[in-house]
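One-letter residues, chain by chain:
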Amino acid sequence: MISLLELAHSYVKDGRVKSVRCSTRPDYIDGKILDILQKYGVTTVELGLQSVSDKVLSITRRGHGFSEEDRAVRMIVERGIKLVGQMMIGLPGSSLDDELATAEFIIRSGATAARIYPTVVFRDTELCFMAERGEYTPLSLDEAVARSAAVLRRFVLAGLPVIRIGLCSSENLLSDSTYFAGPNHPALGELVESYLYFDLIYAEASRTCACGRDIINVSVPRGELSKAVGQRKRNKLLLAQSLGVKDVKFSECDTLARYEVRVF
């Protein structure tokens, strides 16, 4: 660990990079480790906070409970190190309520950002064996998108940036020899954001009494138009149907912040 940190820190000292970040487990955090990380210029720690439910952590054999998560985030934040919380959706034994509670914990912890990872099952893992025995059913793509969007909305309302949704595309996700089951889509993050935009637009349309008009107009932030309209115009068509209007017209607005919408 120290040899790798020394190498990374040399880039900071040379001015080639600004800082170093690392990802780790809550039960790996203690005072000695934090001393080492700070000595070598680590300014951000990404912590695997998969769930706040001791039941879920036990079923998944995570090797620690919520108390270790709570202790670790406190130690990191008290040191003045930036914290990023990485959480998962659809773990064995987990419910949407568990996942919303995990998001709330990350928000309260003082984290500066979060990542959301719907659970993907790889072959030759204990999770795969559980699925094969019928002890675990991975989420479908639609279920994962809906639950991830609900969690994303909680983060958005709290003003906490979500810097990634879903695993990066790689051969492990594309190969049948490694991928077994679970929500695997190359544009998963965009699907989740699109789902959230539907909810936000529908809520704003209901609030502004736009229902029942022939046409409603929706303004969204610059660069967010494709997400708001949805793949194959899913949101546009579903909004028209749900709101009882003939058409929904979209436009971009430079003054709107991300996930901010206006209906008129």
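Residues numbered from 1 in each chain as written. Predicted model: local features only at pLDDT ≥ 70, side-chain atom pairs only at ≥ 80, totals over all residues. Heavy atoms only, no water.

Asks: Break down the packing of helix α5 (residues 96-108) against helix α7 (residues 141-158) for me, with residues and values.
Replies: The contact between α5 and α7 brings their axes to 10 Å, and the two run at 25°. Here α5 lies roughly parallel to α7, going by the angle between them. In the packing of α5 onto α7, the handedness of the crossing is right-handed. Where α5 abuts α7, its residues L96, E99, L100, A103, E104, I106 and I107 lie against R147, A150, V151, R154, F155 and A158. (Axes fitted to C-alpha atoms, helices over the stretch in contact; angles between N-to-C directions. Helix = DSSP H or I, 4+ residues; strand = E, 2+ residues; numbered from the N terminus. Parallel < 35°, antiparallel > 145°, perpendicular 65-115°, else oblique. Left-handed = near helix turned anticlockwise from the far one by under 90°. Contact = heavy atoms within 4.5 Å.)

Asks: For the layout of surface pockets, give the residues involved together with the corresponding values.
Replies: In this structure, the largest pocket spans a volume of roughly 370 Å³. Forming the boundary of the largest pocket are 19 residues, of which Q50, M88, L91, T119 and L127 lie nearest the centre. Every element with two or more residues in the lining of the largest pocket is listed here: β3 (82-89), β4 (113-118) and α6 (126-132). Broken down by class, the residue content of the lining of the largest pocket amounts to 12 nonpolar, four polar and three charged. Of the volumes computed, that of the second largest pocket is approximately 290 Å³. Lining the second largest pocket we find 21 residues, and of these R164, I165, G166, L188 and G189 sit closest to its centre. Secondary structure elements with two or more residues in the lining of the second largest pocket: β6 (162-165), α8 (171-174) and α9 (188-207). Considered class by class, the residues forming the lining of the second largest pocket number 12 nonpolar, five polar and four charged. (1 Å grid on protein atoms, 1.4 Å probe; cavity = no way out; pocket = protein on both sides within 12 Å on 5 of 7 lines; lining within 4 Å. Points joined across faces, edges and corners; volume = space filled by probe spheres on them. Nonpolar A, V, L, I, M, F, W, Y, C, P; charged D, E, K, R; others polar.)

Asks: Let's hear about the sheet that holds strand β8 (residues 215-221): which residues, and what values?
Replies: Pairing between the strands of a sheet is mediated by backbone hydrogen bonds and can be parallel or antiparallel. The mixed open sheet is built from three strands, whose spatial order is β9-β8-β10. Both outer strands of the open sheet, β9 (247-253) and β10 (262-263), are each paired with one neighbouring strand and no more. Bridge count for β8 against β10 is two bridges, and the pairing is antiparallel. Among the inter-strand pairings, V218 is bridged to a residue of β10, identified as V263. (Pairing = 2+ DSSP bridges.)

Asks: Could you give an account of the packing of aromatic side chains, naming the residues involved and the relevant values?
Replies: Evaluation of the coordinates by the stated rule reveals three aromatic pairs. Relative to Y259, the ring of Y197 lies with its centre 5.6 Å away and its plane at 40°, an arrangement referred to as tilted. Taken together, the residues Y197 in helix α9 and Y259 in the loop between β9 and β10 connect sequence positions 62 residues apart. With respect to class, Y197 is no different from Y259; both count as buried. Ring centres 6.1 Å apart and planes at 20° place the aromatic pair F198 and Y202 in the stacked group. A residue pair is termed a helical-turn pair when its members lie 3 or 4 positions apart in one helix, as F198 and Y202 do in helix α9 at four residues. We note R16 situated over the ring of Y11; from NZ or CZ to the ring centre the distance is 4.1 Å. Lying over the aromatic face of Y28, R25 brings its terminal NZ or CZ to 5.5 Å of the ring centre. (Phe/Tyr/Trp six-rings, centres within 6.5 Å; stacked < 30°, edge-to-face > 60°. Buried < 20%, exposed > 50% of the residue type's maximum accessible area, 1.4 Å probe, protein only. Lys NZ or Arg CZ within 6 Å of the ring centre and 35° of its normal.)

Asks: Which residues make up α7, and what values go with them?
Replies: Here α7 is 18 residues long and its end C-alpha atoms lie 26 Å apart, about the 26 Å a rise of 1.5 Å per residue gives. The complete set of buried residues in α7 reads A144, V145, R147, S148, A149, V151, L152 and F155. Buried residues along α7 sit against β3, α5, β4, β6 and α9. Where α7 ends, the next residue or the one after it, G159, has phi of about 75°, a positive value. (Expected span 1.5 Å × (residues − 1).)

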